[in-house]
Amino acid sequence: MSKNRTITASVLSLIVFGLVFSFVFSGSKISYAKEDVNFYHDNPEWQKRWVEFGDLSQKDIGLGLNPTAFKTGVYKSRVKTDLTSSRAPEIFKWWFGYRAKQLVDAGLVADLSGVWEEAGDSVSPGIREQLTIDGMTYAVPLHSSYWVWYYDVDLYEKYDMNPPETWTEFLNQAEFFNEKGINVIGNTVGQSRWTSFIIFQELLLHKDHEFYKKLMAGEAHWTDKEVVETMELWKSLLDKGYFAPMDSTYVQDYPRMFKNDKLAFAPMGTWYSGILMDRGLQPGKDYNVFVLPAISEEGKGALATEISPLMVGKKSDNKEKAKKWLEWWLSDKEARKLDLELWHPMPWDTIISEEAVSKTNPEFAKLLKEVDNYPNKAIRFWEATPTEIVNHAVAEFERMLTSPKRWRNILKSIENQAAKTWPDYGVGYEKQPELEN
Amino acid sequence: MKRIKELDAYAFLMPALFFVIGAELLPAGYTIYLSFTEWNIITSPEWTGLANYIQVFSSPQVLNALKNTVLWVLGTLGFPVILALVLAVLINSVKFQGFFKTIFYLPVTLAPTVAGVIWKVVYSTQNGAVNSILQSMGLGTFQLLANSSINTFLMIGVWAWQFMGLNLVLFLVGLQSLPEEPIEAAKVDGASFWQIFYHVTLPLLKPITMLVIANAMINTTRMFAIPWVMTHGGPARSSETLAISMYRESFLLSNMGYGSAIAVVIAIITLIFAWRNLKAFEPSA
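Worth saying up front: this structure is predicted, and the values here are computed from it rather than measured. (Residues numbered from 1 in each chain as written. Chains lettered and ligands numbered in written order. Predicted model: local features only at pLDDT ≥ 70, side-chain atom pairs only at ≥ 80, totals over all residues. Heavy atoms only, no water.)

## Observations concerning the overall build of chain A
What counts here: By definition, any uninterrupted DSSP run of H or I lasting at least four residues is a helix, any uninterrupted run of E lasting at least two residues is a strand, and each is numbered from the N terminus. Our radius of gyration is a C-alpha quantity, and the globule rule it is checked against amounts to 2.2 Å times the number of residues to the power 0.38. In this analysis, two residues are considered to be in contact whenever any of their non-hydrogen atoms come within 4.5 Å of each other. We get accessible surface area from the Shrake-Rupley algorithm with a probe of 1.4 Å; when it comes to residues, only the shown protein chains can shield them. Charge assignment: positive for Lys and Arg, negative for Asp and Glu; neither His nor the chain ends contribute. For this purpose, a charge sits on NZ of Lys, CZ of Arg, CG of Asp or CD of Glu.
Along the backbone of chain A there are 20 helices and 11 strands. For a compact globule of 437 residues, the expected C-alpha radius of gyration is about 22 Å, and chain A comes in at 24 Å, within 12% of that figure. Within chain A, contacts between residues separated by at least 24 positions form 75% of all contacts whose residues are at least 6 apart in sequence. Looking at chain A as shown, the accessible area adds up to about 17,800 Å², and 49% of this sits on carbon and sulfur atoms. In chain A, the 52 positive side-chain charges and the 63 negative ones have mean positions that sit 8 Å from each other.

## A few points about the interface of chain A and chain B
Note on interface size: it is often stated as the accessible area lost on association of the parts. Just so we agree on the cut-off: Throughout, buried area stands for the accessible area (probe radius 1.4 Å) lost by two parts on being put together, summed over both. For salt bridges, the criterion is a side-chain nitrogen of Lys or Arg within 4 Å of an Asp or Glu carboxyl oxygen. Charged means Asp, Glu, Lys or Arg here, nonpolar means Ala, Val, Leu, Ile, Met, Phe, Trp, Tyr, Cys or Pro, and polar covers whatever is left, Gly included.
Contact with chain A, which involves 38 residues of that partner, is made by 36 residues of chain B. Of the roughly 3,200 Å² buried between chain A and chain B on both sides combined, carbon and sulfur atoms contribute 59%. For the pair chain A and chain B, the number of links is 0 salt bridges. Top contributing element to the side of chain A that touches chain B by residue count: helix H1 (residues 2-26) of chain A, with 10 residues. Residue composition of the side of chain A that touches chain B, by class: 14 nonpolar, 14 polar and 10 charged.

## Quick look at the pattern of salt bridges
All names here are of chain A. All chains considered together, the criterion is met by 19 salt bridges over all chains. Note that Lys207 and Glu229 form a salt bridge whose closest N and O atoms lie 2.8 Å from each other. Here Lys207 is found in helix H9 (residues 198-207), whereas its partner Glu229 is found in helix H11 (residues 225-239), with 22 residues between them in sequence. A salt bridge links Glu383 to Arg380, with the shortest nitrogen-to-oxygen separation between them at 2.7 Å.

## Quick word on the packing of aromatic side chains
Residues and elements named next belong to chain A. How we decide: Only Phe, Tyr and Trp rings are paired, with Trp represented by its six-membered ring, and only when their centres lie within 6.5 Å; those with planes under 30 degrees apart are stacked, over 60 edge-to-face, the remainder tilted.
Inspection of the entire model under this criterion finds 62 aromatic pairs over all chains. Here Trp167 and Phe170 contribute two aromatic rings whose centre-to-centre distance is 5.0 Å and whose plane-to-plane angle is 15 degrees, an arrangement assigned as stacked. With Trp167 and Phe170 both in helix H8 (residues 167-179) and 3 residues apart, the pair spans about one turn of that helix. Centre to centre, the rings of Trp194 and Tyr250 are 5.8 Å apart; their planes meet at 80 degrees, and the pair counts as edge-to-face.

## Quick word on the confidence of the model for chain B
Note the threshold: For every residue, the predictor reports its confidence as pLDDT, a number between 0 and 100.
Of the residues in chain B, 98% have a pLDDT of 70 or more, and the chain-wide mean is 90. With a pTM of 0.84, the predicted complex shows an ipTM of 0.80.

## Remarks on a negative patch on the surface
Condition: Surface patches are defined over residues having more than 30% relative accessible area and no salt bridge, joining like charges when they lie within 9 Å and nonpolar side chains (Val, Leu, Ile, Met, Phe, Trp, Tyr) when within 5 Å.
A grouping of Glu388(A), Asp424(A), Glu38(B) and Glu46(B) is seen on the molecular surface, where their side chains present a negatively charged patch. As for its placement among the helices and strands, Glu46(B) is situated in strand S2 (residues 46-47).

## Re the confidence of the model for chain A
In the predicted model, chain A carries a mean pLDDT of 88, and 92% of its residues have values of at least 70. In this model, residues 23-32 of chain A is a region of pLDDT below 50 whose contacts with residues beyond four sequence positions or in other chains number 16 contacts.

## Here's the deal with helix H9 (residues 193-204) of chain B
All names here are of chain B. Threshold: An expected span of 1.5 Å times one less than the residue number is assigned to each helix. Burial classes: relative accessible area under 20% of the type maximum marks a residue as buried, over 50% as exposed, and values in between as partly exposed (1.4 Å probe, protein chains only). Here the arc refers to the set of directions running from the helix axis out to each C-beta atom.
For H9, spanning 12 residues, the distance from its first C-alpha to its last is 15 Å, which sits close to the expected 16 Å at 1.5 Å a residue. Within the span of H9, buried status applies to Ile196, Phe197, Val200 and Thr201. Seen end-on, H9 carries its buried residues on one side only, within an arc spanning 130 degrees. Facing away from the buried surface of H9 by more than 90 degrees, the exposed residues are Trp194, Tyr198 and His199. Packed against the buried residues of H9 are helix H3 (60-92), helix H7 (151-176) and helix H8 (180-188).

## Considering a nonpolar patch on the surface
Judged by side-chain polarity, Tyr10(B), Leu13(B), Met14(B), Leu17(B), Phe19(B), Val20(B), Ile21(B), Leu25(B) and Leu26(B) come together as a nonpolar surface patch covering roughly 820 Å² of accessible area. By relative accessible area, Leu25(B) is classed as exposed at 54%.

## Some details on the nonpolar core
One broad rule of soluble globular proteins: the nonpolar side chains tend to lie buried together. Definition in use: Buried Ala, Val, Leu, Ile, Met, Phe, Trp, Tyr and Cys residues that are joined via side-chain atoms within 4.5 Å together make up what is termed a nonpolar core.
Formed by 146 residues in total, the largest nonpolar core has its most connected members in Trp50(A), Tyr138(A), Trp222(A), Trp234(A), Trp325(A) and Trp329(A). Counting residues in hydrophobic clusters, the runner-up holds 20 residues, among them Ala84(B), Met164(B), Phe171(B) and Ile183(B).

Written as structure tokens, this is what we have:
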């Protein structure tokens, strides 16, 4: 009897042991159809679009896409963990600039030069250079966006106004909307910590684009006069009560506020148009865009840009399939057309004609034509400077949004972080003890 | 025969041992090891000694998170425990106990994340119930969760709303299982309601009280769900708890070594609370 019990218990133990260790060591590899290319991204709201692209590629080249959406919070850690193993995603969305450099330096992403040689003619000039680090082209574009200010078309029609062309006009319109009880600027703490850099980026870039680039490169200090003046300007806008309630969010609340004529402006990348359309707003009818007018002479012709890259895990099983899919993504006419209609109003390719853009959104077509009038383009803050500084700064900028009178402490804190970070990137950077007046 | 019996016992222990070793001790040991390293996930961990711990106790953000965690612990002892005890005493002496128990217990059935989402909407400036009431009274709109002076207290209120019912039921069970003799004797001696409560009921309730306090302290030391859902620890990291700091450093910023050091600190605090409370349960000599 005892012997039987011992055997039963031992068998049970082995089963439990097997279950626990097979779970622990198998990881949680996502299963997908073998013929599909697996794809990770961090935008659950865009999942249905990726499914549509997968259906189209399946029809065109017999290669489907298996998209998996992760919440942004866990996305970066998940991708980094998987990239170091055989579970590496075949294609994944990432960020360019400093955020991509970390993965490239660690040798975790595939060289996509071959894809560019096959299909690079379809991409607008200048983009490949921004997706190249130390001679290796590590990505193809998911989208290439410009940073603009969305505005409520109904409000402008109601009050018979035109988008501002000078900084003074911008301030006058802001004051006008504020007096009418309308939230002037949609830039809030909400649920997304990253959005807190937007106003700082827009004000500094349109005030002095050369200084912005120097600051991002570690050639200027966070305590310099130009930054001090930018923070004072930002504080004055906050003190006047121009900002929407700080708990409102750009995904749920701003679209509703635009629809109800409760919000005048929201600064965001041109990709934001896709989110507004998802919420039932129509470009040209409900919203349009303008580039923030220059605040000073040194800010003329400035425009922030952002490229969202698609990359391939070097250790993934199906690299060749992934590259084939990316060639299709870059050069297939139907794919480009679907992208324009469904998603990105600002094409980055040479396939879509200006007429096609005019049909989907005349205002974006106008912006596309005028992009050459902004020769002083700069990478947006999120990718322009080392991640250690960005992560610290966005938390400090959140503090600015809720406690603007503490702006001096905020600058000193970011300056400390910059002094700690830049030497790791081989940049000599001595901390400035005091703020410049 | 004795040897077979021993083997028998060990064999039956094995399933639990595998779980404890595989799912608890090994990960805990690895976390402790990582806490002495710098690791960004994509490169190998580098030994840095006590650097992470020095950073934990010198970082204003983590010290603020520690302060918030202490506030959570004190807040949950203050409201859901004391209030639950008072309500349990009141409900114990009225009819329709089942009705009151159900009403107070209902929020316990929600997941903390769901409770957080509900109350986030209630506190919102965008047609939230609290602001709608304040507006109808002509008091204007208040950005409650974006106000770093009060947001932690508002969230402790949510926790109190959700878990007071559980404590209340536990206290009611305790009250109903008390021996009647000491209370009757106190009544015969002419003791007042408060004298009986303070000198007789409360000491007899000590085991249940310790259980409720232990639960409250251990759960709130690891508090994550409600502040994460409602404020993400913001604005400007003002409402972060230690658990959020750990998550932020480990999974948002990929500082696994530093995040592990915070995890070890949380574990030590929790173990101290648990040990302290287990000691209280030990029969006195």
